[in-house]
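Overview (structure and organization)
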Number of protein chains: 2
Amino acid sequence: MSEIESFFKSAFSVDNVIFGFDGSELKVLLIQRGAAPFKGKWALPGDLVYPNENLDTAAERVLEQLTGLRGVYLEQVKAFGAVNRHPLGRVITIAYYSLIKISDFNVTPASFAQSARWHAVSEVEELAFDHNEILNTCLKRLKHKVRTEPVGFELLPPKFTLTELQQLYDAILNLPKKLDKRNFRKKILSMNLLVELPELQEGVAHRPAKLYQFDGEKYEQFVSEGFSFDI
Amino acid sequence: MSEIESFFKSAFSVDNVIFGFDGSELKVLLIQRGAAPFKGKWALPGDLVYPNENLDTAAERVLEQLTGLRGVYLEQVKAFGAVNRHPLGRVITIAYYSLIKISDFNVTPASFAQSARWHAVSEVEELAFDHNEILNTCLKRLKHKVRTEPVGFELLPPKFTLTELQQLYDAILNLPKKLDKRNFRKKILSMNLLVELPELQEGVAHRPAKLYQFDGEKYEQFVSEGFSFDI
DNA sequence: GGACTTATTGTTAAATGAACACCAATTTAT
DNA sequence: ATAAATTGGTGTTCATTTAACAATAAGTCC
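Only a predicted model underlies this, so the values are computations on that prediction, with no experimental measurement involved.

Glancing now at the overall build of chain A. Regarding its fold elements, chain A presents 6 helices and 9 strands. The principal-axis extents of the C-alpha atoms in chain A amount to approximately 70 × 40 × 35 Å. Of all 231 residues assigned to chain A, the portion counted as buried reaches 46%. Pairs at least 24 residues apart make up 67% of the contacts formed inside chain A by residues separated by at least 6 positions. Summed over all atoms, the accessible surface of chain A reaches about 12,000 Å², with 49% contributed by carbon and sulfur.

And the structure:
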């Protein structure tokens, strides 16, 4: 094989860290590999990038094939390209993470018969390939992102309570001490990005909380006026 | 060509945004392309990744071949993989940026006969490929990085004055108003990361300033104790 | 010695962040 | 219907950080 040919003896893939939130824990959607290599191991959903497909498109496709969802939050994080990261050849992978509303994920659609399951991020064990490293990198990125841009709402239902929002932040940031309830509420409400709905939480065995909605348009407007989100 | 084969009809490259600082402006090292495509256009230095070469190694190699430098600051930023970003085929590129001391760059070493030149980042015109986009992304990353980690020192000589340090920050951040001199000094000195040397600036036609050195070991220690750099 | 240039230093007011505890509203059990 | 249990909601104070701001000091050059 000539040197020039060997340059093309390689492929690239995307891997997608799909995050979800179940009300108390941050979760990641993993699939169990049905074939070698790493048969039986849990892994990040991913696929080779089609020859005439953009990277972002490939990541969206992986997400849609697994969850049926389109148009959700998706961000590229980094390329992973260690020479021996894939036992069958030279494959570099571009890592993405996406944020979905866990309730939107309804069992596995047809195209992916493989078993897919939510795992608590804190309890993920040894994954296939270098997927632990990818997961950690994406988690780190998410921790940062969620403090500087209002992406956390992507993980919550459209209507949520302030306690749910705070639990989300506590779950993602996983700080030694939980956020202070009063300070958190003060801060988030002072941004004027939440709309208080004329509805209350239902079906709880205690005082029901007010429901809020995130106002994305207001956020865009504020940003254009120099505002920057910060928690 | 079978579908499987076509997956391998692709290549990956690295492109390196090499930043330097000349005392007043942030610069980027560009090369002028000697061959098609984009012959004659300025471009980021880059190369295909060798089949058994790690991505970081390839970026280091590109840097060394151009500048003769090793062991300098280098960070991967992102993959760029739009289908038609390269006119001759499917090539995704992994973008890196590096920070070098501009005085260490001594004309072009033999292996790269191509013309390489420092350009003020603010005056860069239309580059080859999607290199303007890559440059902008890396610049944005650098702006953030320089405020949260002490990487700015990589662009300065080992001994520097506080004014030089501030000019570096002003040049990189390019804020509507320059940083306040007194506040900047207070902040940077309060971190206890700079060692005041028993030497003064020389060769200037005015009161010479004290020289300082960055103490990287102290920084590592402080970080392990929970410190985080912030300007 | 005088003119010139840049270096060095501190205070105050405003905004932000951190710490902290009690009453309110609802459901469930008796 | 009352009490117990559970979570929701709310303000103040103190400490810290940030922002704004100007006069004197130490050199060089003529």
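That shown, we press on.
This part takes up the domain arrangement of chain A. Residue and element names in this part refer to chain A. For chain A, the assigned domains read domain 1 (3-140) and domain 2 (156-224). On a C-alpha basis, the centres of domain 1 and domain 2 stand 29 Å from each other. In this complex, domain 1 contributes 6 residues to the contact, which on the side of domain 2 involves 8 residues. Where domain 1 abuts domain 2, roughly 500 Å² becomes buried across the two surfaces, and 72% of that area is made up of carbon and sulfur atoms. Of all residues in domain 1, F21, L26 and K101 bury the most surface against domain 2, accounting for 75% of the area lost on that side. For the pair domain 1 and domain 2, the interface holds 0 salt bridges.

Around DNA strand D, the structure places 18 residues, and the nearest of them are R182, K186 and K210 of chain A together with N183 and R207 of chain B. Between K181 of chain A and DNA strand D, the recorded distance is 3.2 Å, taken from a side-chain N or O atom to a base nitrogen. Contact between DNA strand D and D180 of chain B: a base nitrogen at 3.4 Å from a side-chain N or O atom of the residue. Only α5 (181-190) of chain A together with α5 (181-190) of chain B provide two or more residues apiece to the surface near DNA strand D. Counting residues per element, the surface near DNA strand D draws most heavily on α5 of chain A, at 4 residues.

Once chain A is rotated about the relating axis by 180 degrees and shifted along it by 0.1 Å, it coincides with chain B to within an RMSD of 0.0 Å. What the superposition gives is, in effect, a two-fold axis relating one chain to the other. With an isologous cut-off of 70% or more, the 100% of interface residues of chain A that recur at the interface of chain B puts this contact in the isologous class.

What follows deals with helix α2 (residues 55-67) of chain A. All names here are of chain A. A rise of 1.5 Å per residue sets the reference length of α2, with its 13 residues, at 18 Å; its end C-alpha atoms lie 18 Å apart and thus fit the reference within 8%. All of the buried residues along α2 are L55, A58, A59, R61, V62, L63, L66 and T67. Just downstream of α2, G68 is the residue with a positive phi angle, here 80 degrees.

This paragraph deals with the environment of I92 of chain A. Mapped onto the fold, I92 of chain A is located in strand β6 (residues 90-99). Along the backbone, I92 of chain A and F12 of chain A are 80 residues apart, and their C-alpha atoms lie at a distance of 4.9 Å.

All right, on to the pattern of salt bridges then. Applying the stated rule across the entire model yields 26 salt bridges over all chains. One salt bridge connects R85 of chain A with D130 of chain A, and the closest N-O pair in it is separated by 2.7 Å. Within this pair, whereas R85 of chain A is found in the loop between β5 (73-80) and β6, its partner D130 of chain A is found in the loop between β7 (116-120) and α3 (131-148), the two being separated by 45 residues in sequence. No difference in accessibility class separates R85 of chain A from D130 of chain A, as the two residues are buried. A salt bridge links R85 of chain B to D15 of chain B, with the shortest nitrogen-to-oxygen separation between them at 3.9 Å. Here the residue R85 of chain B occupies a position in the loop between β5 (73-80) and β6 (90-99), and D15 of chain B occupies one in strand β1 (residues 10-21), the gap between them amounting to 70 residues. Accessibility expressed as a relative area gives 8% for R85 of chain B, which makes it buried. By sharing partners, the salt bridges in this structure join E75, R141, K145 and E149 of chain A into a single network.

How each quantity is defined
- Residues numbered from 1 in each chain as written.
- Chains lettered and ligands numbered in written order.
- Predicted model: local features only at pLDDT ≥ 70, side-chain atom pairs only at ≥ 80, totals over all residues.
- Heavy atoms only, no water.
- Helix = DSSP H or I, 4+ residues; strand = E, 2+ residues; numbered from the N terminus.
- Buried < 20%, exposed > 50% of the residue type's maximum accessible area, 1.4 Å probe, protein only.
- Contact = heavy atoms within 4.5 Å.
- Areas by Shrake-Rupley, 256 points an atom, 1.4 Å probe, with all protein chains shown as cover.
- Domains from an automatic or database assignment.
- Buried area = accessible area lost by both parts, 1.4 Å probe.
- Salt bridge = Lys/Arg side-chain N within 4 Å of Asp/Glu carboxyl O.
- Near = heavy atom within 4 Å.
- Polar contact = N/O pair within 3.5 Å; in protein donor to acceptor, adjacent residues only side chain to side chain.
- Least-squares fit on C-alpha atoms with pLDDT ≥ 70 in both.
- Expected span 1.5 Å × (residues − 1).

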